[in-house]
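# Residue-level structural notes
Here is how the chains run, residue by residue.
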Amino acid sequence: MGNATTVTEFILVGFPNSLEVEIVFFVVFLFVYLVTVLANALIIVLVYVDCHLHSPMYYFLSNFSFIEISTTSTLVPKMLANVLSEKKTISFAGCFSQLYFYFSLVAAEFLLFAIMSYDRYVAICHPLRYPTIMTGRVCNQLVLSAWVGGLLVILPSAVLRAGLPYCGPNVIEHYFCDSAPLLRLACTDIWVVELTDLVVSSVLLLGSLALTAASYVRIISTILWIPSNQGRQKASATCASHFVVVSLGFGISIFIYLRPPQMNSAHLNKILSVLSSIVTPLLNPFIFSLRNEQMKEALKRTLCKLLGMTKQVGNP
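Residues numbered from 1 in each chain as written. Predicted model: local features only at pLDDT ≥ 70, side-chain atom pairs only at ≥ 80, totals over all residues. Heavy atoms only, no water.

## Topic: the confidence of the model for the chain
Averaged over all residues, the pLDDT of the chain equals 86, while 92% of them reach at least 70. Low pLDDT (under 50) marks residues 1-5, which in the prediction has 9 contacts with non-local residues, meaning those over four places away or in another chain. (pLDDT = per-residue confidence, 0-100. Contact = heavy atoms within 4.5 Å.)

## Remarks on helix α6 (residues 155-162)
Of all the positions in α6, only Ser157, Ala158, Arg161 and Ala162 are classed as buried. End-on view of α6: buried residues confined to an arc of 125°, all on one side of the axis. Where α6 is buried, its residues meet α3 (92-125), α7 (179-183) and α8 (191-224). (Buried < 20%, exposed > 50% of the residue type's maximum accessible area, 1.4 Å probe, protein only. Helix = DSSP H or I, 4+ residues; strand = E, 2+ residues; numbered from the N terminus. Arc of directions from axis to C-beta.)

## A closer look at the UniProt feature "transmembrane region" (unreviewed entry) in the chain
This chain's UniProt record puts "transmembrane region" (unreviewed entry) on residues 23-48, 60-80, 100-118, 138-160, 203-227, 239-259 and 271-290. Within residues 138-160, the helical portion is 96% and the strand portion 0%, while the C-alpha atoms at the span's ends are 34 Å from each other. Measuring from the first to the last C-alpha atom of residues 203-227 gives 38 Å, for a span that is 88% helix and 0% strand. (UniProt positions renumbered as here; feature names shortened; annotations may be inferred.)

## Brief notes about the layout of surface pockets
The space that makes up the second largest pocket amounts to roughly 370 Å³. Around the second largest pocket, the lining comprises 19 residues; the ones closest to its centre are Met57, Tyr58, Thr238, Asn292 and Gln294. If you list the elements that add at least two residues to the lining of the second largest pocket, you get α2 (56-83), α3, α9 (229-257) and α11 (293-314). Broken down by element, the lining of the second largest pocket gets its largest block of residues, 4 residues, from α9. (1 Å grid on protein atoms, 1.4 Å probe; cavity = no way out; pocket = protein on both sides within 12 Å on 5 of 7 lines; lining within 4 Å. Points joined across faces, edges and corners; volume = space filled by probe spheres on them.)

## Looking at the packing of aromatic side chains
Under the counting rule described, the total for this entry stands at 22 aromatic pairs. Measuring from centroid to centroid gives 5.8 Å for phenylalanine 10 and phenylalanine 92, while their planes differ by 25°, and the two rings are stacked. Within this pair, whereas phenylalanine 10 is found in strand β1 (residues 9-12), its partner phenylalanine 92 is found in helix α3, the two being separated by 82 residues in sequence. On the basis of relative accessible area, phenylalanine 10 is assigned to the buried category, the value being 0%. Through a chain of ring-to-ring contacts, three or more aromatic side chains come together here, namely Phe15, Phe25, Phe29, Tyr102, Phe103, Tyr175 and Phe176. (Phe/Tyr/Trp six-rings, centres within 6.5 Å; stacked < 30°, edge-to-face > 60°.)

## Side note on the packing of α3 against helix α5 (residues 136-153)
One way to put it is that α3 packs onto α5 with a least axis distance of 7 Å and a crossing angle of 145°. Note on packing geometry: the crossing formed by α3 with α5 is right-handed. Every residue of α5 that contacts α3 at Tyr100, Ser104, Leu105, Ala107, Ala108, Leu111, Leu112 and Ile115 is listed here: Leu142, Ser145, Ala146, Trp147, Gly149, Gly150, Leu151 and Val153. Of the residues belonging to the contact of α3 with α5, the class tally is 12 nonpolar, 4 polar and no charged. (Axes fitted to C-alpha atoms, helices over the stretch in contact; angles between N-to-C directions. Left-handed = near helix turned anticlockwise from the far one by under 90°. Nonpolar A, V, L, I, M, F, W, Y, C, P; charged D, E, K, R; others polar.)

This is the structure we're talking about:
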């Protein structure tokens, strides 16, 4: 690979504009990034410190929040550094590291979607067996499978892509090392990598979507048979937030990575990627917290504890 590769760094075009507009982009994206990290970190802390949230549902949610923090942290800091930089470059190794970890985290997120859907299916369709099915050991194994699966499923494609010769130009029409724009810079036949990408994307996206959809079909059919309106509303409330987040995640990603080549547009890809990798991680913690009474109550209890500790320190 060292003999065939002449490109040692790539240029990330990002959002080319005047300096004033780029400063506005920097401030907006920095604010969004900080809020995203803080909001998702708050969910992780609440799940850890509040005993009322020590359940499989919130355990999976805390892992989902950690993935959201990791995903945005893989892209946004480098993007912010490039917004105000003249060179806007990323090293060869840095580019492929960013690509691998970003798509591994996205893959883990889709697998976690399916796991969270299964958890809701067991909770609603088999409530009496739920404690014996979703044990702590089973939950740990499911989460571990999502993380390991995400890291492994992207590895073949990343290795193949890193082994291609890149002879120039080295300009990536994106704000990060996305798969398709990077692949277009290779100066060799890329059909093997494209086929691998198609297979991996189809199996990952459509497979996890099928498992998620199957769980929700059973959930909806069970909810419809609940005799009381209060019971139906309570069961629906536990799934509503997750359903919204899953719909956003799958919808945007399928449109980006599985749509026909003739519909590809660099500008549209950047907009959709911003929605997927920056905006959605910002919205997800608010979707979960605003629609979840237990999360609201946990936040109130934690704030009351903190205020009580503050008063004790102030009045020894």
